[in-house]
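Close look at the chain arrangement
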Amino acid sequence: MVKVGIPRALLYYQYYPMWKTFFEELGAEVVVSPTTTQATLSAGLSRVVADTCLPVKVFCGHVLALVDKCDYIFVPALRSVKSRIYNCSKFLGLPDMTRAVIPECPPILDIDIDINKGKRRLYQEIYRLGRHLSRSPLKVRKAALAAWQAHLEYKELMVNESLTPPQAIARISGAEIPSHNPSQPAIALIGHPYLLYDELINHRLIYRLEQAGYRVLTPEMLTAEQTETAINRLTGQPYWTYEEEVVGSGGHYLESGVEGAIGVIAFGCGPDSLMMDMVQRQAIKLKTTPFMSLTLEEHTGEAGVVTRLEAFLDMIQRRKRREAELCV
Ligand code: SF4
């Protein structure tokens, strides 16, 4: 059976069930790289220039982890998935960059998605991708429809049951996920999935918040309507795809009654530095929700993250005590 490798990085968290369904429907076996380790990161760092953002370095490490384990590696180039809203440039050239920096990589299965070029072009691209595994356009079409359905169900699961992408993927694979206690105080995490759910690069942020007694809310738990409303309020017509994850979720959670919000960004990320700044300004303007911004890079130490997190949670507790005293 043909093996298709999928790196557990970048867009994996948003689209894995869709990609897996597509390739499996076409008779392939899907192999995912293991969770990020220090070795994965070091391998990625050795292949790209220092200025590259951390998530792309991690991505290269995951591709290297798959080199001997599959016949193909799937590396899509997602330019735009919504009309006149574009992805960061790193995603556009991802297949070419991967070929250039990892020459020993197995053949790359790529697809160029730009919704602005029309449906016909989109179908041609899907067929071009599927053709590597099946010559039957009907079979490719059926696989694409099944994949789209899997994607819709995945998104619905995260919204309806307040699950993070790793939890939803585990649930789809049949694992038991403990249910949330809605009365628990909540902290919102704002940022891209490849920063929020990679436990090596964020030093187990979600786990630490849960251990401190908080329920963690993330962008994927919001409906498109909720994020769009917040974006329209804060910036108007969006230009970047990832405004939903940063401006949309940040704008929404700052007014949702959470105990605090943490914005997570990658050092050197141009789009994020602009977008998170808007969220921070909104937090300062509203004065209702404590906000902390956390910048991650390969040199970010665990102790630094823990210290900042503890100070932030202490501040939230002090604030709550003060409010309680004022109410007496
Ligand atoms: S949005 Fe920022 S962090 Fe994400 S890939 Fe682009 S530059 Fe890197």
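Since the model is a prediction, treat every value here as computed from it, not as a measurement.

Along the backbone of the chain there are 14 helices and 10 strands. Over its C-alpha atoms the chain spans a radius of gyration of 20 Å, differing by no more than 12% from the 20 Å that the globule rule assigns to 328 residues. C-alpha extents for the chain along the principal axes are approximately 75 × 40 × 40 Å. Here the analysis covers contacts within the chain between residues at least 6 apart in sequence; of these, 71% occur between residues at least 24 apart. With the model as given, the accessible surface of the chain reaches about 15900 Å², and the carbon-plus-sulfur share is 53%.

Most of strand 10 (residues 291–296) is tucked away: 5 of the 6 residues are buried. With 6 bridges joining them, strand 9 (residues 260–266) and strand 10 adopt parallel strand pairing. From the neighbouring strand, Ile-265 faces strand 10, where its bridge partner is Thr-295. A crossover links strand 9 with its parallel partner strand 10, the connecting element being helix 13 (residues 270–286), and its sense is right-handed.

The full count for this structure, using the stated rule, is 0 disulfides. Free cysteine Cys-105: the closest other cysteine sulfur is in Cys-70, separated by 7.5 Å. The exposure class of Cys-105 is buried, given its relative accessible area of 12%.

Two elements in contact, helix 7 (residues 137–160) and helix 8 (residues 165–172), have axes separated by 10 Å at closest approach and are oriented at 120°. Like other packed secondary-structure pairs, helix 7 and helix 8 cross with a definite hand, here right-handed. For the pair helix 7 and helix 8, contact is made by Tyr-154, Leu-157 and Met-158 and by Pro-165, Ala-168, Ile-169, Arg-171 and Ile-172, respectively. Partitioning the contact of helix 7 with helix 8 into residue classes produces 7 nonpolar, no polar and 1 charged.

The subject of this paragraph is the domain arrangement of the chain. Under the domain assignment, the chain is made up of domain 1 (3–161) and domain 2 (181–327). Centre-to-centre, using C-alpha coordinates, domain 1 lies 27 Å away from domain 2. Domain 1 puts 24 residues into the contact, and the matching count from domain 2 is 26 residues. In total, domain 1 and domain 2 occlude about 2200 Å² of area from one another, counting both sides; carbon and sulfur atoms represent 63% of this. With a closest N to O distance of 2.7 Å, Glu-298 and Lys-57 form a salt bridge. Remark: the boundary between domain 1 and domain 2 carries 3 residue pairs in polar contact (both at pLDDT 80 or more).

Excluding glycine, residues mostly carry a negative phi; peptide bonds, for their part, are mostly trans. Residues other than glycine seldom take positive phi values, yet Leu-10 does so here, at roughly 45°. One can find Leu-10 in the loop between strand 1 (3–6) and helix 1 (12–25).

By the secondary structure assignment, Val-49 is in the loop between helix 2 (38–45) and helix 3 (54–66). Placed 141 residues apart in sequence, Val-49 and Ile-190 show a C-alpha to C-alpha distance of 27 Å.

The next subject is the sheet that holds strand 3 (residues 72–74). Taking strand neighbours across the sheet as the criterion, the 4 strands line up as 2-1-3-5 in an open arrangement whose pairing is parallel. Unpaired on one side and paired on the other, strand 2 (29–32) and strand 5 (108–109) mark the two borders of the sheet. In terms of strand pairing, strand 1 meets strand 3 through 2 bridges, oriented parallel. Bridging from a neighbouring strand, Val-4 pairs with Tyr-72 of strand 3.

This brings us to the pattern of salt bridges. The full count for this structure, using the stated rule, is 16 salt bridges. The shortest N-O distance in the salt bridge between Glu-259 and Lys-320 comes to 3.5 Å. Of the two residues, Glu-259 sits in the loop between helix 12 (244–253) and strand 9 while Lys-320 sits in helix 14 (residues 302–327), which places them 61 residues apart along the sequence. A cluster of three or more residues bridged by salt bridges with shared partners is formed by Asp-96, Arg-99, Asp-110, Arg-121, Glu-125 and Arg-128.

Conventions used here
- Residues numbered from 1 in each chain as written.
- Predicted model: local features only at pLDDT ≥ 70, side-chain atom pairs only at ≥ 80, totals over all residues.
- Heavy atoms only, no water.
- Helix = DSSP H or I, 4+ residues; strand = E, 2+ residues; numbered from the N terminus.
- Rg over C-alpha atoms; globule rule 2.2 N^0.38 Å.
- Contact = heavy atoms within 4.5 Å.
- Areas by Shrake-Rupley, 256 points an atom, 1.4 Å probe, with all protein chains shown as cover.
- Buried < 20%, exposed > 50% of the residue type's maximum accessible area, 1.4 Å probe, protein only.
- Pairing = 2+ DSSP bridges.
- Right-handed = clockwise from strand over helix to strand, strands pointing away.
- Disulfide = S-S within 2.5 Å.
- Axes fitted to C-alpha atoms, helices over the stretch in contact; angles between N-to-C directions.
- Left-handed = near helix turned anticlockwise from the far one by under 90°.
- Nonpolar A, V, L, I, M, F, W, Y, C, P; charged D, E, K, R; others polar.
- Domains from an automatic or database assignment.
- Buried area = accessible area lost by both parts, 1.4 Å probe.
- Salt bridge = Lys/Arg side-chain N within 4 Å of Asp/Glu carboxyl O.
- Polar contact = N/O pair within 3.5 Å; in protein donor to acceptor, adjacent residues only side chain to side chain.

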